[in-house]
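# Residue-level structure breakdown
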Amino acid sequence: MWWEYYGDAVIAVSVLTAILILNSIHFFRAKSKRGFILPLSISIIGYISFVIGIVFIRGFGGLGFMVYGVIIIGIGLLYYLGVGVYRKIRYE
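Cut-offs and rules
- Residues numbered from 1 in each chain as written.
- Predicted model: local features only at pLDDT ≥ 70, side-chain atom pairs only at ≥ 80, totals over all residues.
- Heavy atoms only, no water.
- Helix = DSSP H or I, 4+ residues; strand = E, 2+ residues; numbered from the N terminus.
- Contact = heavy atoms within 4.5 Å.
- Phe/Tyr/Trp six-rings, centres within 6.5 Å; stacked < 30°, edge-to-face > 60°.
- Buried < 20%, exposed > 50% of the residue type's maximum accessible area, 1.4 Å probe, protein only.
- Axes fitted to C-alpha atoms, helices over the stretch in contact; angles between N-to-C directions.
- Parallel < 35°, antiparallel > 145°, perpendicular 65-115°, else oblique.
- Left-handed = near helix turned anticlockwise from the far one by under 90°.
- Nonpolar A, V, L, I, M, F, W, Y, C, P; charged D, E, K, R; others polar.

## Brief notes about the environment of Gly69
Structurally, Gly69 is set in helix H4 (residues 59-90). When the C-alpha atoms of Gly69 and Tyr47 are compared, they prove to be 5.9 Å apart, with 22 residues separating the residues in sequence. Gly69 has contacts with Gly46, Ser49 and Phe50, leaving out every residue within four places of it along the chain.

Shown next, in the form of structure tokens:
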């Protein structure tokens, strides 16, 4: 089956996809979307970079795209969580 050959790639992409879907669901259900647009955009850019590196380029050439993609996603997620925590503390 397909997971026997590219299991690590499938797991990595599926975990990052799940994270991005959960962020998107939270974004669309939030009352005030103003503070969450930039962090979500940063996460999407990182995800696209990661997918380009792991799917289209592959190998050591794609490793840079993958690493930069994960770093950018991490920055976006930390920024997203930071905005959420800040708004929660501010409005209580």
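On we go from here.
## As for the packing of aromatic side chains
Here the structure, examined in full by the defined rule, presents 2 aromatic pairs. A ring pair is formed by Phe27 and Phe28, whose centres lie 5.2 Å apart and whose planes are at 70 degrees; its orientation type is edge-to-face. Taking relative accessible area as the criterion, Phe28 reaches 59% and is therefore assigned exposed. Taking the centre distance of 4.8 Å and the plane angle of 40 degrees together, the rings of Phe36 and Tyr80 count as tilted. Placement of the pair is Phe36 in the loop between helix H2 (7-29) and helix H3 (37-57) and Tyr80 in helix H4, with a sequence separation of 44 residues.

## Notes on the packing of H2 against H4
Packing of H2 against H4 brings their axes to within 12 Å, and their N-to-C directions diverge by 30 degrees. One way to sum up the angle between H2 and H4 is to call them roughly parallel. Handedness of the H2/H4 crossing: left-handed. Two secondary-structure elements touch here, H2 through Leu16, Ile19, Asn23, His26 and Phe27 and H4 through Ile73, Leu77 and Tyr80. Among the residues forming the contact of H2 with H4, the class breakdown is 6 nonpolar, 2 polar and no charged.

That's the geometry; what it means functionally is another story.
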